[in-house]
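# What the coordinates show
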Amino acid sequence: PKHYEPYKYLADRGELNIRAYWTTIQQPSTPAQVDEVLKVIAQQKPFQGNDYFNNLGWGESGYAPVTTQLLRAVSNIKPEDMQQFKRVAVALAEKGLYYNTHVEMTPVIDAFLDIYEDLNKTVPFKGLRWSFSHLDQIDDVQLERMKKLGMSAQIHSRPLIQGALMHREHGERAWDMPPFRRVQDSGIVWGLGSDATAVTTSNPFYTLAFAVTGRMIGGKQVNRQSVTREEALAAHTRHNAFILFQEANLGVLAPGKYADLLVLDRDYLTVPEDKIKDLKPVMTMVGGRVV
């Protein structure tokens, strides 16, 4: 929590020159620790900040033993551990809190969706915009299940630097990880990002370039689920604004919304694909203020 204090300090003074939205993360690893986390959830009050700095809700690992790891194909979905995860999910739904969950592999996505569908029968959470992050192996059926629950998908550009490792671990399946095109064609709201900075660079033009080209930083082709420049840009801006509950303020340039914009040194829509990653901003504006 101490890492958020400088952001809050600057936001309160009107001096923050970037918008920062975050989720509370607690990663209990035993049933006793879940007991303590439930007490924290009961006191959670999101959306107490402002449009520069705010807490959205909860994420991204509800119960540490069921967190999946991309570079380890086999994941843990033991019933006793999933039950502990469900305790956290139930508490969040009952409190009316947003929840973002880290999940990657097909069997684990099924296990989480089973819990969510069961939970939604007794504590409906459709209006809370719950989301899954990463979703490297999600299929069409699972995407439809997510849509029925009112969920969104958060996809990132990790293969930029780990694509070769992903192919070593997952073989041919890695060509579709993450499945940008499949997610786009499903019609679900999906946000594009970098999962920075532990996973990839926070530079958005590298993320956009990967979604469009499927190439690692060094140029190696590792993904065949590319989307168009327009689709990638919408996912990185307008769709992310929806995920942040900020679609009325952010994500597009339009009357009545905040003037958050970049002026670039070249045109994103017309430069060669292999030059997208090299685009640079010459001016950044946040809320109409040049920063």
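Counting from 1, residues in each chain are numbered in the order their sequence is written. A pLDDT threshold of at least 70 governs which residues receive local features in this predicted model, and a stricter bar of 80 or more applies before side-chain atom pairs are shown or counted, although totals over entire chains, interfaces and linings include all residues. As a rule here, side-chain values come from all non-hydrogen atoms in the structure, and water together with hydrogens is ignored.

What follows concerns the pairing of strand β6 (residues 190-193). Relative accessibility decides the category of a residue: with a 1.4 Å probe and only protein chains considered, values under 20% of the type maximum give buried, values over 50% give exposed, and everything between is partly exposed. Helix and strand labels come from DSSP, where a helix needs a run of H or I of at least four residues and a strand needs a run of E of at least two; each type is numbered from the N terminus. Covered by surrounding structure in β6 are Trp190 and Leu192 together with Gly191 and Gly193, the residues of both alternating faces. Note: strand β5 (residues 152-156) against β6, four bridges, orientation parallel. Along β6, the bridge assignment pairs Ile155 with Leu192. Any two strands with at least two DSSP bridges between them are considered paired.

All right, on to the sheet that holds strand β7 (residues 261-264) then. If you trace the three strands from one edge of the open sheet to the other, you get β7-β8-β9, paired in antiparallel fashion. Of all strands in the sheet, those bounded by a partner on one side alone are β7 and β9 (289-290).

Okay, the pairing of strand β8 (residues 281-286) next. Alignment of β7 against β8, held across four bridges, turns out to be antiparallel. Paired with Leu261 across the bridge in β8 is Met285. Looking at chain direction, β8 and β9 are connected through two bridges and run antiparallel. Each bridged residue has a counterpart across the sheet, and for Met285 the counterpart in β9 is Val290. Connecting β8 to the antiparallel partner β9 that follows it, the hairpin turn spans two residues, and Gly287 within it adopts a positive phi of roughly 60 degrees.

Another aspect to go through is the packing of aromatic side chains. Side-chain rings of Phe, Tyr and Trp (the six-membered ring for Trp) are treated as a pair once their centres are within 6.5 Å; stacked means planes under 30 degrees apart, edge-to-face means over 60, and tilted covers the remaining angles. A complete count under the given rule lists 17 aromatic pairs for this structure. Between Tyr7 and Phe53, the ring centres sit 6.1 Å apart and the planes meet at 15 degrees, which makes this aromatic pair stacked. Taken together, the positions of Tyr7 in helix α1 (residues 5-12) and Phe53 in strand β2 (residues 53-60) put the pair 46 residues apart, joining distant regions of the chain. What makes Tyr7 partly exposed here is its relative accessible area of 38%. Grouped by ring-pair contacts, the aromatic residues Phe85, Tyr99, Phe112, Tyr116, Phe125, Trp130 and Phe132 constitute a single cluster. If you follow Arg19 out to its NZ or CZ, it ends over the ring of Tyr52, 4.3 Å from the centre. Placement of a positive charge over a ring is assigned whenever Lys NZ or Arg CZ falls within 6 Å of the ring centre and within 35 degrees of the normal to the ring plane. Here the basic side chain of Arg129 rests over the ring of Phe242, its NZ or CZ set 3.9 Å away from the ring centre.

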